[in-house]
Amino acid sequence: MLDLYILPLSPSSEAQEQDGAAEFFLAQAAKKVARHRRNERYFIHLYLRGSQVLSPEKRTLLLRRLGELFYKTPGTTTGALRTVAESLNQFFFERNARLKNPEDQTFAFLTQIVWRGTLLTLAQSGESHVYRLTSQGVEHFYDPDLAGPGLGRSKLAKVRFVQRELRDKESLIVCVQPPLSWTLSILSSLCERSIEQFSEKLATGEGTEAWALQFRTGAGKVFHLPPISAGSAAVDAKPSTSPAHSALEEPIPSLSDLKGEISLASPPPSTPSAQEVLAPSTSEPLPASIASVSPPPTPSPKAAAPPAVERSSHPKKSARQRSLLDEAQAQVKAIGAQLIQNLRKFLPGASVFQIPTPVMALIAILTPLVVVTLASVVYFRQGQLREFEHYLGLAEQAARQAETLSDPLAQRAAWDAALAYLSRANQYSNSSQAQALRAQANAAIDRLELVKRLDFALALEDLPKEAQITKIAVTESELFLLDAYFGVVWRAAAAARGYVLDPSASCGPGIQGATVGKLVGFGMVRKATQLQALIVGVDAQGRVITCDYNAPPLIESLTPEDRGMGNLQGFVIDRGNSYVLDPEKNAVWVYWKNQYKEEPQLFFADQVPSMEKVIDFGVYGEDLYLLYADGHVSQCVRDVSAPPRCVDPLPYRDSRPGRENQPLQIERPFTRLYISHPPEPALYLLEPTQPTIYQFSLRSLTFHAQFRPIPTPSFDALPQAVPATALAVSSEQRLAFLAFGNRVYYAYLP
């Protein structure tokens with residue numbers, strides 16, 4: 001384990017610059033921590049720039065709220081960090097929008113640090129500099145283009161993520177604007193030096209605030225070194241009061257003592273919502289409100305829905321019988337009570353021969369009925385309970401056997417047997433014990449089958465009801481959807497919750513007067529000077545439309561090859577080159593550098609695969625992938641030293657435990673293909689009925705994982721009995737998308 005030492009590199013009197021305020025905060029774990037956050041330490045470095053920043057008390061409360069939001073957000077670490085950044089961005093964006101004078105606006109530069117074991121995760125937004133000092137040298141984490149200009153300037157929060165493995169004596173230096181005196185040679189000289197020696201070379205009188213963090217072998221504690229003073233060295237460190245989490249701030253007043261309000265933006269669907277805890281103060285009006293974070297109800301693994309099992313009609317009949325018997329028993333009890341009340345006048349002291357004959361006849365009839373009814377109730381209740389306990393015991397026995405087996409295939413068979421016994425037991429009764437065992441069995445089978453569960457939420461609700469989304473593309477701030485019904489590419493912008501459709505900035509026939517046919521494919525072209533991407537679409541007749549953001553579209557035509565072009569069915573752009581699918585001419589045309597006025601080149605040479613039944617295709621570098629209607633994939637590779645060669649079909653390779661390097665058998669054909677970009681390039685194929693997203697390696701088609709929706713979603717259930725029509729996976733954003741006609745959903749990847 002590692003200990004953490006934290007040292008301010010500026011005296012407290014110099015920690016604040018003239019145009020802003022800075023805070024370094026170690027968040028305390030919330031009372032109810034999300035399962036994924038339990039072993040994580042969370043640090044916030046927040047710098048606010050502006051003439052009217054928040055008061056120290058409100059900054060402290062804001063940091064506490066951000067810490068609560070992080071610890072109560074389920075899912076991946078990067079997803080929780082993005083949620084915090086988006087909430088803080090929305091808070092300052094709305095606050096700045098209410099100001100009359102633009103000079104009074106405040107912008108936030110945010111650095112988030114998560115420490116878990118030996119893994120370090122950084123999230124930078126705005127002007128944020130982090131130096132990592134290791135035995136190998138100095139690593140500088142700073143990219144103004146990826147991190148953005150700061151939070152509070154627009155509706156979109158840009159976040160740059162970094163992950164590194166920690167080792168003994170590694171150090172971090174966090175600041176907003178490093179002094180000019182921090183040269184590479186000075187920083188390199190501090191590698192593997194004790195943190196107490198940092199102040200000698202890094203402390204300046206320039207008024208720049210900075211913090212140093214050093215990890216050393218220890219017991220997982222946090223040590224807070226006092227700030228340096230001019231001409232004095234740091235004193236001995238004292239450990240934080242809590243071995244798990246400790247706040248570095250001074251004690252703050254209670255919520256009731258604060259004046260004004262501060263409110264955080266609502267997080268995306270996979271995060272908890274914010275609720276107000278203070279009423280507005282009349283003595284000091286402020287533009288925002290202070291909000292507390294409450295976690296969403298997290299689905300218990302015990303509540304996982306069991307797989308569908310065909311049941312016989314006998315249990316339903318037994319249930320009805322029990323209901324009728326219970327009702328009859330109640331009626332008999334009521335009649336018996338009335339009968340006893342009527343007989344009291346005869347007992348005692350009265351002659352039995354004074355009982356009327358009809359009453360005696362009624363007693364003779366009801367007595368055997370009551371006995372039979374009670375016996376039947378006992379039989380049904382006790383008998384069904386015995387049956388339930390019998391099959392539950394068999395299921396538990398199969399589960400214990402599965403845990404002792406080392407062969408993955410034998411484990412799978414044992415867990416399948418446990419589920420079968422649980423299905424039989426469920427015909428008679430159910431219990432929390434049976435539900436927990438079912439969840440355990442399903443989780444074990446998921447591990448053996450390399451299944452990862454995703455919690456999908458609705459991405460947007462503004463699409464026309466006739467829309468049929470057949471292709472999806474995504475950037476860090478936008479979502480693009482090809483609609484086969486209208487033949488347009490819809491553009492949607494990322495928001496705090498999902499995406500917001502922007503029809504005027506979309507691309508296709510009829511939008512801004514564009515005169516083209518229905519688009520059959522599209523690609524994107526990114527510009528370094530703007531967040532919005534260019535949309536380039538092609539219709540079946542070869543007309544090309546280029547749509548810039550809020551600008552009139554540009555329309556041109558593809559120059560055909562000598563033998564002409566047929567009815568086009570697909571179009572993609574990869575690395576600045578355009579690829580056109582032409583099954584009618586059995587060709588894939590390549591327009592190098594997107595030069596559509598020049599004649600294209602045929603991707604293939606002598607070996608040309610049949611493309612009559614190709615339903616989707618994709619390109620990655622020099623490799624072309626063709627997906628056929630029967631679900632198989634062909635791969636064609638271009639090489640500078642040899643003509644293009646194709647492998648048709650390219651077999652799917654299994655990698656599940658016990659079935660490594662065997663052919664992967666696909667039960668249902670794939671219908672869509674998607675290729676993700678770095679940092680994790682992979683080939684994704686869609687099986688639409690489950691629905692399931694399969695992940696394969698690009699070159700060998702080795703199966704890596706399959707992504708399926710969780711049985712009990714936290715947000716929006718996917719449409720039932722409706723096949724999926726499109727998919728996309730963003731490894732950079734860690735998001736997966738599925739479309740079902742006009743409904744588009746997204747989920748965070750584990």
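Just so you know, these numbers come straight off a predicted model, no measurement behind them. (Residues numbered from 1 in each chain as written. Predicted model: local features only at pLDDT ≥ 70, side-chain atom pairs only at ≥ 80, totals over all residues. Heavy atoms only, no water.)

## Section: the overall build of the chain
Here is step 1 of the chain: Looking only at helices and strands, the chain features 9 helices and 39 strands.
Here is step 2 of the chain: Residues counted as buried form 49% of the 750 residues belonging to the chain.
Here is step 3 of the chain: Summed over its atoms, the accessible surface of the chain is roughly 35,700 Å², and 52% of this surface lies on carbon and sulfur atoms. (Helix = DSSP H or I, 4+ residues; strand = E, 2+ residues; numbered from the N terminus. Buried < 20%, exposed > 50% of the residue type's maximum accessible area, 1.4 Å probe, protein only. Areas by Shrake-Rupley, 256 points an atom, 1.4 Å probe, with all protein chains shown as cover.)

## Quick word on the side chain of Arg 59
Here is step 1 of the chain: Locating Arg 59 in the fold gives a position in helix α1 (residues 56–71).
Here is step 2 of the chain: Of the polar contacts made by the side chain of Arg 59, one reaches the side chain of Glu 23; its length is 3.0 Å.
Here is step 3 of the chain: Residue contacts for Arg 59: discarding those within four places in its chain leaves Ala 21, Glu 23, Leu 48, Val 53 and Leu 54. (Polar contact = N/O pair within 3.5 Å; in protein donor to acceptor, adjacent residues only side chain to side chain. Contact = heavy atoms within 4.5 Å.)

## Examining the sheet that holds strand β33 (residues 672–675)
Here is step 1 of the chain: With mixed pairing, the 5 strands of this open sheet are ordered in space as β15-β36-β35-β34-β33. The open sheet has two free edges, formed respectively by β15 (451–454) and β33, since each of these has just one partner strand. Taking each pair of neighbouring strands and ignoring which way they run, the sheet shows an average axis angle of 25°.
Here is step 2 of the chain: Sheet topology places strand β35 (residues 692–696) next to strand β36 (residues 703–709); 4 bridges connect them, and they run antiparallel. Following the sheet pairing, Gln 695 is matched in β36 by Ala 705. (Pairing = 2+ DSSP bridges. Axes fitted to C-alpha atoms, helices over the stretch in contact; angles between N-to-C directions.)

## Concerning the state of the cysteines
Here is step 1 of the chain: Throughout the structure, instances matching the rule amount to 2 disulfides.
Here is step 2 of the chain: With a sulfur-sulfur separation of 2.1 Å, Cys 636 is cross-linked through a disulfide to Cys 646. Its S-S torsion of about 110° marks the bond between Cys 636 and Cys 646 as right-handed, since a negative value means left-handed. Note that Cys 636 is positioned in strand β31 (residues 633–639) and Cys 646 in strand β32 (residues 642–647), a separation of 10 residues in sequence. Of the two residues, Cys 636 and Cys 646, neither departs from the other in class, the shared state being buried.
Here is step 3 of the chain: By sequence order of its bonded cysteines, the chain has the disulfide arrangement 1-2, 3-4. (Disulfide = S-S within 2.5 Å.)

## Observations regarding helix α8 (residues 408–426)
Here is step 1 of the chain: Here α8 contains 19 residues, and its C-alpha end-to-end distance of 27 Å stays within 8% of the 27 Å for a straight helix at 1.5 Å per residue.
Here is step 2 of the chain: For α8, the complete set of buried residues consists of Pro 408, Gln 411, Ala 414, Trp 415, Ala 418, Leu 419, Leu 422, Ser 423, Ala 425 and Asn 426. (Expected span 1.5 Å × (residues − 1).)

## Description of unusual backbone geometry
Here is step 1 of the chain: Residue Pro 679 follows Pro 678 across a cis peptide bond; omega there is 20°.
Here is step 2 of the chain: The omega torsion of the bond from Gln 690 to Pro 691 falls at -10°, within 30 degrees of zero and hence cis.
Here is step 3 of the chain: Here Pro 691 lies in the loop between β34 (683–687) and β35.
Here is step 4 of the chain: Phi at Glu 192 takes a positive value of approximately 65°, unusual for a residue other than glycine.

## Let's talk about the packing of aromatic side chains
Here is step 1 of the chain: Applying the stated criterion to the full structure yields 28 aromatic pairs.
Here is step 2 of the chain: Arranged with centres 5.3 Å apart and planes meeting at 75°, the rings of Phe 70 and Tyr 71 form a pair that is edge-to-face. Grouping residues by exposure puts Phe 70 and Tyr 71 together as buried.
Here is step 3 of the chain: Summarising the aromatic geometry, the rings of Phe 670 and Tyr 694 are spaced 5.2 Å apart at their centres and angled 65° between planes, so their arrangement reads as edge-to-face. Taken as a pair, Phe 670 in the loop between β32 and β33 and Tyr 694 in strand β35 lie far apart in primary sequence, 24 residues in all. Each member of the pair Phe 670 and Tyr 694 is classed as buried.
Here is step 4 of the chain: Over the ring of Phe 107 we find Arg 153; its NZ or CZ atom is 3.8 Å from the centre of that ring.
Here is step 5 of the chain: Above the plane of the ring of Tyr 485 lies Lys 518, whose end atom (NZ or CZ) is 5.8 Å from the centre. (Phe/Tyr/Trp six-rings, centres within 6.5 Å; stacked < 30°, edge-to-face > 60°. Lys NZ or Arg CZ within 6 Å of the ring centre and 35° of its normal.)

## Brief notes about the environment of Phe 670
Here is step 1 of the chain: Of the residues examined, Phe 670 reaches a relative accessible area of 0% and is grouped as buried.
Here is step 2 of the chain: On a C-alpha basis, the gap between Phe 670 and His 632 in space is 7.7 Å, while along the polypeptide they are 38 residues apart.
Here is step 3 of the chain: Filtering out sequence-adjacent residues up to four positions away, Phe 670 remains in contact with Ile 615, Leu 627, Tyr 628, Gly 631, Tyr 652, Leu 685, Leu 686, Glu 687, Tyr 694 and Phe 696.

## Considerations on the pairing of β35
Here is step 1 of the chain: The buried fraction of β35 is high, at 5 of 5 residues.
Here is step 2 of the chain: Side chains of β35 alternate between two faces, with Thr 692, Tyr 694 and Phe 696 and Ile 693 and Gln 695 buried alike.
Here is step 3 of the chain: Where β34 meets β35, 5 bridges bridge the pair, whose relative direction is antiparallel. Each bridged residue has a counterpart across the sheet, and for Glu 687 the counterpart in β35 is Thr 692.

## Thoughts on the packing of α1 against helix α2 (residues 77–97)
Here is step 1 of the chain: For the pair α1 and α2, interaxial distance at closest approach is 9 Å and the crossing angle is 145°. The two elements α1 and α2 meet at a crossing, and its hand is right-handed. The residues of α2 that touch α1, namely those facing Leu 62, Leu 66, Leu 69 and Phe 70, are Thr 77, Ala 80, Leu 81, Thr 83, Val 84, Ser 87, Leu 88, Phe 91 and Phe 92.
Here is step 2 of the chain: Tallied by class, residues from the contact of α1 with α2 come to 10 nonpolar, 3 polar and no charged. (Left-handed = near helix turned anticlockwise from the far one by under 90°. Nonpolar A, V, L, I, M, F, W, Y, C, P; charged D, E, K, R; others polar.)

## Thoughts on the pattern of salt bridges
Here is step 1 of the chain: Tallying each qualifying case throughout the model produces 24 salt bridges.
Here is step 2 of the chain: In this structure, Arg 116 and Glu 40 form a salt bridge, with 3.5 Å as the shortest nitrogen-oxygen distance. With a gap of 76 residues between them, Arg 116 in strand β4 (residues 107–116) and Glu 40 in the loop between β2 (20–26) and β3 (41–49) connect regions that are remote in the sequence.
Here is step 3 of the chain: By relative accessible area, which is 36% here, Arg 116 ends up partly exposed.
Here is step 4 of the chain: With a shortest N-O distance of 2.5 Å, Glu 449 and Arg 412 are connected by a salt bridge. Of the two residues, Glu 449 sits in the loop between α9 (432–448) and β15 while Arg 412 sits in helix α8, which places them 37 residues apart along the sequence.
Here is step 5 of the chain: Within the structure, one salt-bridge network assembled from shared partners comprises Arg 412, Asp 416, Glu 449, Asp 654, Arg 656 and Arg 659. (Salt bridge = Lys/Arg side-chain N within 4 Å of Asp/Glu carboxyl O.)

## Section: the sheet that holds strand β17 (residues 469–474)
Here is step 1 of the chain: Taken in spatial order, the 4 strands line up as β17-β18-β19-β20 in an open sheet, and their pairing is antiparallel. Of all the strands in the sheet, the pair left with one neighbour each is β17 and β20 (499–501). With direction set aside, neighbouring strand axes in the sheet form an average angle of 30°.
Here is step 2 of the chain: In the sheet, β17 pairs with strand β18 (residues 478–483) via 5 bridges, with the strands oriented antiparallel. Of the residues in β18, the one forming a bridge with Ile 472 is Leu 481.

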